[in-house]
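# Structural features, examined
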Amino acid sequence: MPSVSSAGLSRSLLLSTSLLSLPLATVVFSAASLSSAPASAQTASRLSTIVVDPARPRAKPRARATTASPQRGPVIRDAAVPPPVAPSSGPVSASTTTLPGSTAVARSLGTSDSASLVTDIPGGAVWGAGGVSSLPALNGVGADRVQVAINSMLISPACPNEMNPPLSFVNPQMIASMRAYLGVAPVSVGGDYIGGKIDVTTAPPLFAAGPSLLTTATVSGFYRSNGNAYGADARATIANQDTSVTYTGGWARSSNYKAGNGMTVKSTLWEVQNHAVSISRQSAGNLFTLQVGGQFIPYQGYVNQYMDMVSNRSMFVNGRYDGVFDWGKLETSAFYHRIRHTMGFIAPDKVADMPMDTRGTDLGYNIKASVIASDHDLIRIGNETHAYRLDDWWDPVPGSGMMMSPNTFININDGRRTRLGTFVEWERHWNPEWTTVFGLRNDVVWMGTGNVQGYSAMYAADAARFNGRDRDRTDVNFDGSALIRYTPNAISQFELGFARKTRSPNLYERYAWSTSAMAMNMIGWFGDGNGYVGNVDLKPEKAHTVSFTAAWHDPAQKLWEIRVTPYYSYVQDYIDVNRCAIGSCSAANLTASNSFVFLQFANHDAELYGVNLDGRLTAWDNAAYGRGVLRGQFAYVHGRRTDGINLYHVMPVNAKLALDHEIGGWVNGIELQLVGAKTQVSEVRNETTTSAYALLNLRTGYRWENVRLDVGVDNVFDKYYTLPLGGADLVDYRAASMMGGSSPIWGYGVPGMGRSFNTRLTVSF
Ligand SMILES: [Cu+2]
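So, a few notes on the structure that sits alongside this text. Numbering of residues begins from 1 in every chain and follows the order in which that chain's sequence is written. A pLDDT threshold of at least 70 governs which residues receive local features in this predicted model, and a stricter bar of 80 or more applies before side-chain atom pairs are shown or counted, although totals over entire chains, interfaces and linings include all residues. As a convention, hydrogens and water are excluded, and side-chain values are obtained from all of the structure's heavy atoms.

## With respect to the overall build of the chain
A count of helices and strands for the chain gives 8 helices and 35 strands. Of all 765 residues assigned to the chain, the portion counted as buried reaches 63%. Summed over its atoms, the accessible surface of the chain is roughly 26,000 Å², and 62% of this surface lies on carbon and sulfur atoms. Each helix is a run of DSSP H or I of at least 4 residues and each strand a run of E of at least 2, with the numbering of both proceeding from the N terminus. Under the scheme applied here, a residue whose accessible area is under 20% of the maximum for its type counts as buried, over 50% as exposed, and between as partly exposed, the area being computed with a 1.4 Å probe on protein chains only. Accessible surface area values rest on a Shrake-Rupley calculation with a 1.4 Å probe, where residue burial reflects the displayed protein chains alone.

## Structural notes on the sheet that holds strand β5 (residues 141-142)
As a general point, the strands of a sheet are linked pairwise by backbone hydrogen bonds and lie either parallel or antiparallel. For two strands to be treated as a pair, DSSP must find at least two bridges joining them. With respect to topology, 3 strands assemble into an open sheet ordered β3-β4-β5, the strand pairing being antiparallel. Either end of the sheet is taken by a strand with one partner, and the two such strands are β3 (124-127) and β5. Relative to strand β4 (residues 135-138), β3 is paired through 4 bridges, and the arrangement is antiparallel. Each residue of the ladder has a partner; that of Ala125, found in β4, is Ala137.

## A few points about the coordination of the copper ion
On the protein side, the copper ion has Cys159 (SG), Met163 (SD), His341 (NE2) and Met343 (SD) as donor atoms, found 2.0 to 2.6 Å from it. The sequence pattern describing where the donors of the copper ion fall on their chain is C-x3-M-x177-H-x1-M. Taken as a pair, Met163 in the loop between β7 (153-154) and β8 (175-181) and His341 in strand β17 (residues 328-344) lie far apart in primary sequence, 178 residues in all. Think of the donor list as every N, O and S atom within 2.8 Å of the metal, or within 3.2 Å for Na, K and Ca; water never makes the list, so a site can look incomplete.

## Observations regarding the nonpolar core
Residues belong to one nonpolar core when they are buried, are Ala, Val, Leu, Ile, Met, Phe, Trp, Tyr or Cys, and are joined through side-chain atoms within 4.5 Å. The biggest cluster of nonpolar side chains holds 96 residues, and the ones touching the most others in it are Met178, Ile198, Met354 and Trp394. When residues of this core are assigned to their parent elements, the largest contribution, 4 residues, is made by strand β6 (residues 146-150). As used throughout, domain bounds are those supplied by an automatic or database domain assignment. Two domains each donate at least three residues to this core, and these are domain 1 (96-182) and domain 2 (196-750). Here, residues are in contact when the closest pair of their heavy atoms is within 4.5 Å. When residues no more than four places from it in sequence are discounted, the contact partners of Ile198 are Val118, Pro136, Leu138, Val146, Gln147, Val148, Ala149, Met178, Arg179 and Ala180. Counting 11 residues, the second-largest nonpolar core is a separate cluster that includes Val141, Tyr567, Val571 and Ala606.

## A word on the pairing of strand β19 (residues 377-394)
Counting buried positions along β19 yields 13 of 18 residues, so the element is predominantly enclosed. Sheet topology places strand β18 (residues 356-372) next to β19; 16 bridges connect them, and they run antiparallel. Bridged to Ile367 within β19 is Asn383. Linking two consecutive strands that pair antiparallel, namely β18 and β19, is a turn of 4 residues.

## Section: the environment of Val667
Relative to the elements of secondary structure, Val667 occurs in strand β30 (residues 666-675). The buried category is assigned to Val667, whose relative accessible area is 9%. Here the alpha-carbon distance between Val667 and Arg627, two residues 40 residues apart in the chain, equals 9.6 Å.

## As for the side chain of His661
Tracing the chain through its elements places His661 in strand β29 (residues 654-663). Taking relative accessible area as the criterion, His661 reaches 18% and is therefore assigned buried. Counted as a polar contact is a pair of N or O atoms within 3.5 Å, where, for protein atoms, one must be capable of donating a hydrogen and the other of accepting one, and residues adjacent in sequence contribute only when both atoms are in side chains. Engagement of the side chain of His661 in a polar contact is seen with the backbone oxygen of Tyr625, the distance being 2.8 Å. Residues in contact with His661, not counting those within four places in the same chain, are Trp620, Tyr625, Gly626, Arg627, Gly628, Trp666, Val667 and Asn668.

## Considerations on the sheet that holds β8
Taken in spatial order, the 5 strands make up an open sheet running β2-β8-β9-β6-β7, and their pairing is mixed. Two strands in the sheet have a free side with no partner beyond their single neighbour: β2 (97-100) and β7. Examined bridge by bridge, β8 and strand β9 (residues 196-202) share 6 bridges and lie antiparallel to one another. Residue pairing across strands places Arg179 opposite Asp199, the latter belonging to β9.

## Let's talk about the packing of aromatic side chains
Aromatic rings from Phe, Tyr and Trp, with only the six-membered ring used for Trp, were paired whenever their centres fell within 6.5 Å, and each pair was classed as stacked if the ring planes differed by under 30 degrees, edge-to-face if by over 60, and tilted otherwise. Counted by the stated rule, this structure contains 26 aromatic pairs. Taken together, a centroid distance of 5.0 Å and an interplanar angle of 15° make the contact between Phe409 and Trp513 stacked. Of this pair, Phe409 sits in strand β20 (residues 409-429) while Trp513 sits in the loop between α7 (507-511) and α8 (517-521), and the two are 104 residues apart along the sequence. For the pair Phe409 and Trp513, one class covers both residues: buried. Taking the centre distance of 4.9 Å and the plane angle of 35° together, the rings of Trp525 and Phe526 count as tilted. Cluster of aromatic residues (ring-pair linked, three or more members): Trp127, Trp525, Phe526, Tyr532, Phe601 and Tyr648. The side chain of Arg145 reaches across the aromatic face of Tyr574, ending 4.1 Å from its centre. A ring is scored as having a charge over it whenever the NZ atom of a lysine or the CZ atom of an arginine sits within 6 Å of its centre and within 35 degrees of its normal. Directly above the aromatic system of Trp430 lies the positively charged group of Arg428, at a separation of 4.4 Å from the ring centroid.

## Digging into the pattern of salt bridges
Within this document, salt bridges are pairs made up of a side-chain nitrogen of Lys or Arg and a carboxyl oxygen of Asp or Glu, the two lying within 4 Å of each other. The full count for this structure, using the stated rule, is 40 salt bridges. Measuring nitrogen to oxygen at the nearest pair gives 3.2 Å for the salt bridge that ties Asp120 to Arg107. With Asp120 in the loop between α5 (101-107) and β3 and Arg107 in helix α5, this pair connects stretches of sequence that are 13 residues apart. The exposure classification of Asp120 matches that of Arg107, with both residues buried. Measuring nitrogen to oxygen at the nearest pair gives 2.9 Å for the salt bridge that ties Asp233 to Arg760. Residue Asp233 is found in strand β12 (residues 229-239), and its partner Arg760 is found in strand β35 (residues 756-764); the two are separated by 527 residues along the sequence. With respect to class, Asp233 is no different from Arg760; both count as buried.

Now the structure itself:
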């Protein structure tokens, strides 16, 4: 039976004590996670104080926020304890940010889009998409350049528009923590991404502290005036000392929202439900968890795509085992996730007939061992496999002539993408001041696809060209990372990081094959109205990043902290685009500067640089006026190809300033969001500029016993603005086309949401 010997325990404690010096990030690999010491032995206050937590007014004290226990507002009962083996662990670098569940709960007052949490991370932004399916971006790169794991499970796009990104498979209220690793993260964090990695934990288990049964439940309902959105979330746990069962999930819907000028933004309606049940069992030093769940989205409009989601169903099984041994810790998981997705048109904003279907499966495992090699050294080794399969087909539309009949259009036929990743990492604590982490990683990616066909003979030339060539590809990718951390005293920390990270192309980037205008317009997750065709010869993109983080805080880590991270990244073979010059693409397409265009994926070298800044200050803390905390974050990033073309969807300079106040059961917050003008736009994609704007959000809440009421106003002044990463509005501005019907006018961005009055009532039992 795994147990911690006294020598092992002292090593563990030494190790975790030195890990406590890690700055500005949650240390989950803690005394509690390495030993089977009772929860009461956790040094929670020491663990917690250094997290940069853009917590909303309702945030629990940060001591709570960084332990393994879920942050569910009033739900936590004192009788509940987290498991001795933390559900997730890993190395952290100084640029890592962890958002506790309280932030997700606070966010859920104003949104049902889990990706929007990323905007609370310095350097984080979201690409606009459907109302619950935004794509996350970190430090200027987004979509699947940012790898997202939900309880270690990876979910690949099963849609040519990436309408079903991983974060759409959890509702904000299901999130117990979100941790974002930026471009210099240790290799043990993952492979096959270049922008960053987001680890989301849902439903970490709670166990009863004593012999009596632990039961907790929370039910909440919300209403948001803008879009007439409403829904319900629930969470329930029943547990004894060694077995815990938790349900978490919710349902929500919204109509089209209104912009600040009162205009209804068409095709922005949605409905979603996500559910998950997990069963955990612990014994001395062991934690087993099995989670099953699924999603159903019956409709989700896309104002920046030609099509809408008309059905998305998923189911998953995810098993996990964590064990603590004399030699260290073992973490393993295995998962299966299946998506069935259909696109169509949601009337009355879009009216047409053209079914498009996808079926995607992800199957994988992770094994990671953290070996205590000496009192100063920790070795991590790991292996993972991720197998992704995709079919994408478009049934014929009777009576549509050659354009969409008589055959089924096969977009991706038996697409295969399998990745085998292996890493080794050495973390050494030289002395209390100096720590280093070095790692090497290899990922082999095998990709392939079967033969394709179009609707009719008019697609035959492209299909023949595609079918006639060898399409199997094997990428052998090498990553590395080096971090040097210096903690000279109780108030300052510095970290220098270097990393090389590689991402292989996704299936659409390599294998979308048709150059017909209609088919190309169906491909692309950029929301820009342009059409895309793949490129079998794409090479993997390799990012070489250097980053420096300086962080300061008061010695007790309670009153103030500030962190600044400048970085520079050179991306060799960045997967961008060229104007399409093959197949049916026209000569005029090569030079058009004020219209939607057709593009082919292509490698270009690029560089990105920027700086992230965040901090907080306890302005006052006394019995008469409660506690007031000022917090802020700032991000600037610039991205450009070495040939001078700007990168697409790079967030303009932006900042948040907020004051959170808490006294007794009252919590209040005021938040100012500032976004600069987007003037540097991608010339090759005819990206449009956007103007600067400022938004003011207010909220207040009161808690009695088991009931909590929250009320907020987002965009108080009903400001009209255009989303800088919202892409092109393809629905609200249209012109009659020659063929009858209408087509979108180039040059209009997607308006952001106007004022919304939001409220949520939460009851816990
Ligand atoms: Cu789709």
